[in-house]
Amino acid sequence: MTLPTQLANLRIPVIGSPLFIISNPDLVIAQCKAGIVGAFPALNAREKEGEPILLEAWLKRITEELDRHNQANPDTPAAPFAVNQIVHRSNERLERDLEICAKWKVPIWITSLGARVEVNEAAHSCGGITLHDIINNRFAKKAIEKGADGLIAVAAGAGGHAGAQSPFALVNEIREWFDGPVALSGAIANGKSILAAQAMGADLAYIGSPFIATDEANAQPEYKQMIVESGAEDIVYSNLFTGVHGNYLKPSIARAGMDPDNLEDSDPSKMNFGADREKPKSWKEIWGAGQGIGAVTGITPAAQLVDRLAVEYADARQELCGG
Ligand SMILES: Cc1cc2nc3c(=O)[nH]c(=O)nc-3n(C[C@H](O)[C@H](O)[C@H](O)COP(=O)(O)O)c2cc1C
């Protein structure tokens, strides 16, 4: 199947994935101008009480800056952007955010945690497409039944709420029945891995953690530096911090006074995306990252990271397929 236009004309087949707190308009605009889809979670745009709606301001800025870029650079237009909706009962903003995104004609809608018909309908009402993220084949089927246009297969090793399945198994099971758009998520951090994702049957690579170590990312300098200095062995998979399993940087857990190799278990009833989301104070600086960060060797502008991936991807294609 051919890809929808929103995903078809990228410089390299990559989506810069949405990162809680970290993704902001600066990062999204830089990613899109560099030729990959940039994304942010709608919940990152949080205004204080009485202030104008920040999501609206972010969408206006991103849309206008990318339009201006496209007029000035008709030969190298920006990639489209995506907004991530957390479809969970504790997200009391969901309905409002769907309306705002439809009003601003968001081109790509990424949905996490719940597959709902009305969210897909809202995206389609403004000409957008939805990609739903899943960690197994059963959730993948449910998402497509509810009207998602494509899937994000979140495999083992991904930053944030990661799955536990091998990407080979997950993509293969999905490709047995689904020929629509599939992005693969989990520890993809160089050009060879992007090509490998395509060889496996995915259309696109979904890359998060490497973008934490960029100038534009809204993350503390110590967090960016920890990404640069860490590798796969420094990542621990735990459900303690949010109630669902995710991957975290061990040194940040140790700094908070816990033993990263002996963490307690939690459960999904602890998930909360509401305005009252409060973490214990000592957890504020527990930092998420995927296993691919060994490929990150410095903090750079996002455009430089995309340039590196593009060069590596072209080299990998040349090496493996002769072009
Ligand atoms: C710090 C952090 C925050 C994240 N926040 C979100 C989020 O708010 N919404 C979402 O859909 N995914 C979120 N993710 C998951 C990413 O979108 C993506 O699946 C993951 O980063 C890909 O794996 P990688 O980090 O190994 O590249 C987050 C990941 C990290 C590392």
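What counts, and where the lines are drawn
- Residues numbered from 1 in each chain as written.
- Predicted model: local features only at pLDDT ≥ 70, side-chain atom pairs only at ≥ 80, totals over all residues.
- Domains from an automatic or database assignment.
- Contact = placed C-beta atoms within 7 Å.
- Nonpolar A, V, L, I, M, F, W, Y, C, P; charged D, E, K, R; others polar.
- Near = placed C-beta within 6 Å.
- Pairing = 2+ DSSP bridges.
- Helix = DSSP H or I, 4+ residues; strand = E, 2+ residues; numbered from the N terminus.
- Axes fitted to C-alpha atoms, helices over the stretch in contact; angles between N-to-C directions.
- Buried ≥ 20, exposed ≤ 12 C-beta atoms within 10 Å, placed from the backbone.
- Core = buried A, V, L, I, M, F, W, Y, C linked by C-beta atoms within 7 Å.
- Parallel < 35°, antiparallel > 145°, perpendicular 65-115°, else oblique.
- Left-handed = near helix turned anticlockwise from the far one by under 90°.

## A look at the domain arrangement of the protein chain
Part 1 of the reasoning: On domain assignment, one finds that the protein chain holds domain 1 (8-217 + 305-321) and domain 2 (221-291).
Part 2 of the reasoning: Between the C-alpha centres of domain 1 and domain 2 the distance comes to 22 Å.
Part 3 of the reasoning: With 20 residues of domain 1 at the contact, the number on the domain 2 side is 17 residues.
Part 4 of the reasoning: A breakdown of the residues in the side of domain 1 that touches domain 2 according to their chemical character gives nine nonpolar, 10 polar and one charged.

## Observations regarding the site of the ligand
Part 1 of the reasoning: Around the ligand, the surrounding shell holds 25 residues, and the nearest of these are Ser17, Gly159, Gly160, Gly208 and Gly290.
Part 2 of the reasoning: Split into classes, the residues belonging to the shell around the ligand amount to 12 nonpolar, 12 polar and one charged.
Part 3 of the reasoning: Inspection of the shell around the ligand shows a minimum of three residues originating in each of domain 1 (8-217 + 305-321) and domain 2 (221-291).

## So, the sheet that holds strand β1 (residues 14-16)
Part 1 of the reasoning: Here eight strands make up a closed barrel; going around it, the order is β1-β2-β3-β4-β5-β6-β7-β8 and the pairing parallel. Recorded for the sheet is a direction-independent mean angle of 25 degrees between the axes of neighbouring strands.
Part 2 of the reasoning: Bridge analysis of strand β6 (residues 150-154) against strand β7 (residues 182-185) gives four bridges, and the strand direction is parallel. Considered in β7, the bridge of Ala153 is made with Leu184.

## Observations concerning helix α2 (residues 25-34)
Part 1 of the reasoning: Counted residue by residue, α2 has nine buried out of 10 residues, so it is predominantly covered.
Part 2 of the reasoning: Among the residues of α2, those classed as buried are Pro25, Leu27, Val28, Ile29, Ala30, Gln31, Cys32, Lys33 and Ala34.
Part 3 of the reasoning: Residues of α2 that are buried in the fold lie against β1, β2 (37-41), α3 (54-72), β3 (81-86) and α11 (302-321).
Part 4 of the reasoning: Just beyond α2, the residue with positive phi is Gly35, at close to 105 degrees.

## A closer look at the nonpolar core
Part 1 of the reasoning: In this structure, Leu151, Ala153, Ala183, Leu184, Ala205 and Ile212 are the most contacted members of the largest nonpolar core, which totals 95 residues.
Part 2 of the reasoning: Per-domain counts for this core show at least three residues from each of domain 1 (8-217 + 305-321) and domain 2 (221-291).
Part 3 of the reasoning: When neighbours within four sequence positions are excluded, Leu151 is seen to be in contact with Leu131, His132, Ile134, Ala140, Ala143, Ile174, Phe178 and Val182.

## Comments concerning the packing of helix α8 (residues 191-200) against α11
Part 1 of the reasoning: Interhelical geometry of α8 versus α11 gives an angle of 60 degrees and a closest axis separation of 7 Å. Accordingly, the angle class assigned to the pair α8 and α11 is oblique. Note that α8 runs across α11; the crossing there is right-handed. Each of Gly191, Lys192, Ile194 and Leu195 in α8 lies in contact with α11, whose residues at this interface are Leu309, Val311, Glu312, Tyr313, Asp315, Ala316, Arg317 and Leu320.

## Regarding unusual backbone geometry
Part 1 of the reasoning: Positive phi, close to 75 degrees, is recorded for Leu113, a residue that is not glycine.
Part 2 of the reasoning: Checked against the element boundaries, Leu113 lands in the loop between β4 (108-112) and α5 (117-125).
Part 3 of the reasoning: Even without glycine at this site, Ala187 takes up a positive phi of about 65 degrees.
Part 4 of the reasoning: Positionally, Ala187 belongs in the loop between β7 and α8.
Part 5 of the reasoning: For Ala187, a count of 27 C-beta atoms within 10 Å puts it in the buried group.

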